[in-house]
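The chain contents come next:
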Amino acid sequence: GAGVSQSPRYKVAKRGQDVALRCDPISGHVSLFWYQQALGQGPEFLTYFQNEAQLDKSGLPSDRFFAERPEGSVSTLKIQRTQQEDSAVYLCASSSLEGEQFFGPGTRLTVL
Amino acid sequence: QQQVKQSPQSLIVQKGGIPIINCAYENTAFDYFPWYQQFPGKGPALLIAIRPDVSEKKEGRFTISFNKSAKQFSLHIMDSQPGDSATYFCAASHPTGGGNKLTFGTGTQLKVEL
């Protein structure tokens, strides 16, 4: 049970399709974050969960983006009606409460 | 609005050199300043972090210098090696009651040549 895992690693979607990205955090980690990393840029915060509660979703760019963590473990980031500007790497990180954030390898989303 | 500004965008040094990467922040509520290393196809990995109550922290070949009054901090890599070639990100966070979300700089691509 090493680190944070994410799936799929790569996703190609046609514009307008819905996608779902999965994050498996480190076991026992209370906190879970999603970040979006555009090419050549630093990661940007999207949303934060503490257990199953979504405490901060201030970084979600539009109402097409939705995240959930129903049982306080695995999380899914869903993007509806994908647009070309959604193309990016989506990173998930988990931590103990206010501890160091450990990042997964990311999912590279390409919208054609 | 970019809350953490990072420079340079790219850097090339010779093996054994000491690359220095600089960051400046605006939000005085930030109280945690980590540096991350990212290799292609991988997620960022924490290298070293500092809080504003100290001016310097060393871990192995990595040193953070912190200047609270200037709202600046920097990363020094001693005796750099080709394996240090990666992208480096500074970041900052503050407790919001909703987790320590990180605000990242734009990154520095470091290449260490033999």
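Calculation notes
Residues numbered from 1 in each chain as written. Chains lettered and ligands numbered in written order. Predicted model: local features only at pLDDT ≥ 70, side-chain atom pairs only at ≥ 80, totals over all residues. Heavy atoms only, no water. Disulfide = S-S within 2.5 Å. Helix = DSSP H or I, 4+ residues; strand = E, 2+ residues; numbered from the N terminus. Buried < 20%, exposed > 50% of the residue type's maximum accessible area, 1.4 Å probe, protein only. Core = buried A, V, L, I, M, F, W, Y, C linked by side-chain atoms within 4.5 Å. Contact = heavy atoms within 4.5 Å.

*Asks:* Which residues make up the state of the cysteines, and what values go with them?
*Replies:* Between two cysteines, a covalent bond joining their sulfur atoms is known as a disulfide. Following the criterion strictly, the structure yields two disulfides over all chains and no others. Covalently, Cys23 of chain A is tied to Cys92 of chain A through a disulfide, its sulfur atoms 1.9 Å apart. Its S-S torsion of approximately -65° makes the covalent link between Cys23 of chain A and Cys92 of chain A left-handed. Of this pair, Cys23 of chain A sits in strand β3 (residues 19–24) while Cys92 of chain A is found in strand β9 (residues 88–95), placing the two residues 69 residues apart along the sequence. Side by side, Cys23 of chain A and Cys92 of chain A carry an identical accessibility label, which is buried. Between the sulfur atoms of Cys23 of chain B and its disulfide partner Cys90 of chain B the distance amounts to 1.9 Å. Every disulfide takes its handedness from the sign of the S-S torsion; for Cys23 of chain B and Cys90 of chain B that torsion is -90°, giving left-handed. Of this pair, Cys23 of chain B sits in strand β3 (residues 20–25) while Cys90 of chain B is found in strand β9 (residues 86–92), placing the two residues 67 residues apart along the sequence. Accessibility expressed as a relative area gives 3% for Cys23 of chain B, which makes it buried.

*Asks:* Describe the nonpolar core, and please don't skip the residues or the numbers.
*Replies:* The nonpolar side chains of a soluble globular protein tend to be buried, and buried together. Core analysis: the biggest nonpolar cluster contains 24 residues, and Phe33, Trp35, Phe73, Leu75 and Tyr88 of chain B have the highest contact counts within it. Take this core: its biggest share by element is four residues, from β9 of chain B. Not counting residues within four places of it along the chain, the set of residues in contact with Leu75 of chain B comprises Pro19, Ile20, Ile21, Trp35, Leu47, Ile48, Phe62, Thr63 and Tyr88 of chain B. Residues Val4, Leu32, Leu77 and Tyr90 of chain A belong to the second largest nonpolar core, which totals 20 residues.

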